[in-house]
Amino acid sequence: MINKVQKNRLMTLAFLLILHSSLFTLRSSAQMRFGYLSYSEVLQAMPDYATVKSNVAKLQGQFEDEMKRAEEEFNKKYEEFLEGQHEFAVSIRNKRQSELQDLMEKNMAFKQEARRLLRNAEADAMKPLHEKLKAALAKVGQQRGLAFILNTDGDALPYVDPAQGEDVTEIIKRELSR
């Protein structure tokens, strides 16, 4: 199973191989042009981005409130158990320990499920923005006669000769604001 770090390394290596072969092709074909942009900068400049992030933050707050409530409920029952455990009959003490264990397991399962639901909600909410951005990239790329548009985020493209490529970040932002 490939972990996240290995996956990122493989993706970076694949990107570099594609970039290398693309740049080789660029040298042999002077008329080929390419663009580059900061994908995250453009995404964050989109009008609906703030709304999506706000909605996700609101949902996250609701999950956090529920987790806090569940934790407080567990702590209260645990304190009650600790106060009375010496007075309880063995069967009652075992029953309450079992109840506490069940409650703790349910709380942990809820936390995991909440994280999963939150990730999915954010991905679902961001999907239309990514699709809109992808369409704008295709439109601008075609209009400007670009062979491809590279993403400069994460130091994936630490240097670009402006005479060889075109920064389309602002052009894409304008396209998305229409």
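As the structure is a computational prediction, the values presented were derived from the model and not from experiment. (Residues numbered from 1 in each chain as written. Predicted model: local features only at pLDDT ≥ 70, side-chain atom pairs only at ≥ 80, totals over all residues. Heavy atoms only, no water.)

Here Lys106 shows up in helix α4 (residues 90-143). In this structure Lys106 comes out as exposed when scored by relative accessible area, which is 60%. Here the alpha-carbon distance between Lys106 and Ala70, two residues 36 residues apart in the chain, equals 9.4 Å. (Helix = DSSP H or I, 4+ residues; strand = E, 2+ residues; numbered from the N terminus. Buried < 20%, exposed > 50% of the residue type's maximum accessible area, 1.4 Å probe, protein only.)

This paragraph deals with unusual backbone geometry. We note that Asp155 has phi near 55 degrees; this positive angle belongs to a residue other than glycine. Within the secondary structure, Asp155 is located in the loop between β2 (146-151) and β3 (165-167). Its relative accessible area of 66% is what places Asp155 among the exposed residues.

Within a sheet, adjacent strands bond to each other through the backbone by hydrogen bonds, running parallel or antiparallel. As summarised here, the arrangement of the three strands in space is β2-β1-β3, forming an open sheet in which the pairing is parallel. One side of each edge strand has no neighbouring strand; the edge strands of this open sheet are β2 and β3. Shown here is a sheet whose adjacent strand axes are inclined to one another by a mean of 25 degrees, direction ignored. As defined by bridge partners, strand β1 (residues 33-37) adjoins β2 across five bridges and the pair is classed as parallel. By the bridge assignment for β2, Tyr36 is matched with Leu150. (Pairing = 2+ DSSP bridges. Axes fitted to C-alpha atoms, helices over the stretch in contact; angles between N-to-C directions.)

Moving on: the side chain of Thr169. Among the secondary structure elements, Thr169 is positioned in helix α5 (residues 169-176). Judged by its relative accessible area of 6%, Thr169 falls in the buried class. At 3.3 Å, the side chain of Thr169 forms a polar contact with the backbone nitrogen of Ser38. (Polar contact = N/O pair within 3.5 Å; in protein donor to acceptor, adjacent residues only side chain to side chain.)

What follows covers the side chain of Glu175. Residue position: Glu175 is located in helix α5. At a separation of 3.3 Å, a polar atom in the side chain of Glu175 contacts the side chain of Arg178. The contact partners of Glu175, leaving out residues within four places of it in the chain, are Ala136, Lys139 and Val140. (Contact = heavy atoms within 4.5 Å.)

Let's shift gears to the nonpolar core. Counting residues in each nonpolar core, the largest one holds 22 residues, and the members touching the most others are Leu43, Met46, Leu129, Leu133, Val168, Ile172 and Leu176. Mapped onto this core, the elements with two or more residues apiece are α2 (39-45), α3 (49-84), α4 and α5. If we skip the residues at most four places from it in the chain, Leu176 touches Val42, Met46, Pro47, Lys132, Leu133 and Ala136. (Core = buried A, V, L, I, M, F, W, Y, C linked by side-chain atoms within 4.5 Å.)

In short, shape yes, function no, at least from these values alone.
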